[in-house]
Amino acid sequence: MNIVFDFGAVLFTWKPGHLLLQSFPERLPTPQDAANLAHQIFSHTDWHAFDAGLLDADEVISRTARRLDLPQQRLGALVHGIGERLTPIDGTVTLLQQLHARRAAAQGVTGLYYLSNMPISYARCLEQRHAFLQCFDGGIFSGDVKLIKPAPDIYHMLQSRYALDPANTLFVDDLKHNVETARALGWHGIVFESAAQLQSEMALLGL
């Protein structure tokens, strides 16, 4: 079976509230305040356009600072530094490496791919910093193709580019609506919670 991984909160930590607490402590007295601000920044159409490679970092920083009355210099430091602050999730990386070994031995895994909403600058940073990404046979970052999940077109693009059989493809993502799109296209899907949970659910599929 082909296995397709998301990156943020699956292979790499993604804790936007924590990042914002570090950058704007005076504005965020509680974790809930941080969560609310994270939603206002990272769920906004401007950030989605950044993910899709339609806005560059400086433009999204400028727009977001004006819209939310945030100090532009500090917001800029946060946004420009996110790529370096995405740290690997050890359990999932270990699982990926195990799957890679099984693929090499032709033990039930036919291909390993990624499909991630990721701005171009962060994608290049991760590629340069993390050798374990060589476990993948290929993949798509949203910023490179001007599309983002859960738009079906980006799934179709991955499927077409690597000649994936939907019935023989498993998609792993932490967001339910992204997994639901994959299932609607005939893929298998698992909503990621932890490496142990993922491994358990994969076992039910014979992996």
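Up top is the structure.
Residues numbered from 1 in each chain as written. Predicted model: local features only at pLDDT ≥ 70, side-chain atom pairs only at ≥ 80, totals over all residues. Heavy atoms only, no water.

Caption draft 1: Representation of the packing of helix α1 (residues 16–23) against helix α2 (residues 31–42) in the model. With their axes 8 Å apart at the nearest point, α1 and α2 run at an angle of 105 degrees to one another. When the axes of α1 and α2 are compared, the pair comes out roughly perpendicular. Contacts between α1 and α2 involve Pro16, Gly17, Leu20 and Leu21 from the former and Ala34, Leu37, Ala38, Ile41 and Phe42 from the latter. Class assignment for the residues of the contact of α1 with α2 results in 8 nonpolar, 1 polar and no charged. (Axes fitted to C-alpha atoms, helices over the stretch in contact; angles between N-to-C directions. Helix = DSSP H or I, 4+ residues; strand = E, 2+ residues; numbered from the N terminus. Parallel < 35°, antiparallel > 145°, perpendicular 65-115°, else oblique. Contact = heavy atoms within 4.5 Å. Nonpolar A, V, L, I, M, F, W, Y, C, P; charged D, E, K, R; others polar.)

Caption draft 2: Structural detail: unusual backbone geometry. Geometrically, the link from Lys149 to Pro150 is a cis peptide bond, its omega value of 10 degrees lying close to zero. Structurally, Pro150 is set in the loop between α8 (142–145) and α9 (152–161). Backbone geometry places Ala106, a non-glycine residue, at a positive phi of 55 degrees. By the secondary structure assignment, Ala106 is in the loop between α6 (90–104) and β2 (111–116). Here Ala106 falls in the exposed class, since its relative accessible area comes to 66%. A positive phi angle is found at Lys146, which is not glycine, with a value near 60 degrees. Position of Lys146 relative to the elements: it lies in the loop between α8 and α9. (Buried < 20%, exposed > 50% of the residue type's maximum accessible area, 1.4 Å probe, protein only.)

Caption draft 3: Looking closely at the pairing of β2. The element β2 is extensively covered by neighbouring structure, given that 6 of its 6 residues are classed as buried. Of the two faces of β2, both are covered, the one formed by Gly111, Tyr113 and Leu115 as well as the one formed by Leu112, Tyr114 and Ser116. With 4 bridges connecting them, strand β1 (residues 2–5) and β2 associate as parallel partners. If you follow Asn2 over to β2, its bridge partner there is Gly111. Handedness of the crossover joining β2 and strand β3 (residues 138–141) through helix α7 (residues 120–129): right-handed. (Pairing = 2+ DSSP bridges. Right-handed = clockwise from strand over helix to strand, strands pointing away.)

Caption draft 4: Examining the nonpolar core more closely. Ranked by size, the top nonpolar core spans 52 residues in total, and within it Ile3, Phe5 and Phe7 carry the most contacts. If we ignore the near neighbours within four places in the chain, the residues touching Ile3 are Leu99, Val109, Gly111, Leu112, Tyr113, Leu170, Val172, Met202 and Leu207. Of all hydrophobic cores here, the second largest spans 13 residues; its members include Val145, Tyr155, Leu164 and Phe171. (Core = buried A, V, L, I, M, F, W, Y, C linked by side-chain atoms within 4.5 Å.)

Caption draft 5: How the structure looks around the packing of aromatic side chains. In total, this model carries 16 aromatic pairs according to the counting rule given. Centroid distance Phe50 to Tyr122: 5.7 Å. Interplanar angle 85 degrees. Geometry classified as edge-to-face. One end of the pair, Phe50, is in helix α3 (residues 45–51); the other, Tyr122, is in helix α7, with 72 residues separating them in the sequence. Considered together, Phe50 and Tyr122 belong to a single accessibility category, that of buried residues. Ring geometry for Tyr155 versus Phe171: centroids 5.6 Å apart, planes at 75 degrees, classification edge-to-face. Residue Tyr155 is located in helix α9, and its partner Phe171 is located in strand β4 (residues 169–173); the two are separated by 16 residues in the primary sequence. For the pair shown, Tyr155 and Phe171 are each scored as buried. (Phe/Tyr/Trp six-rings, centres within 6.5 Å; stacked < 30°, edge-to-face > 60°.)

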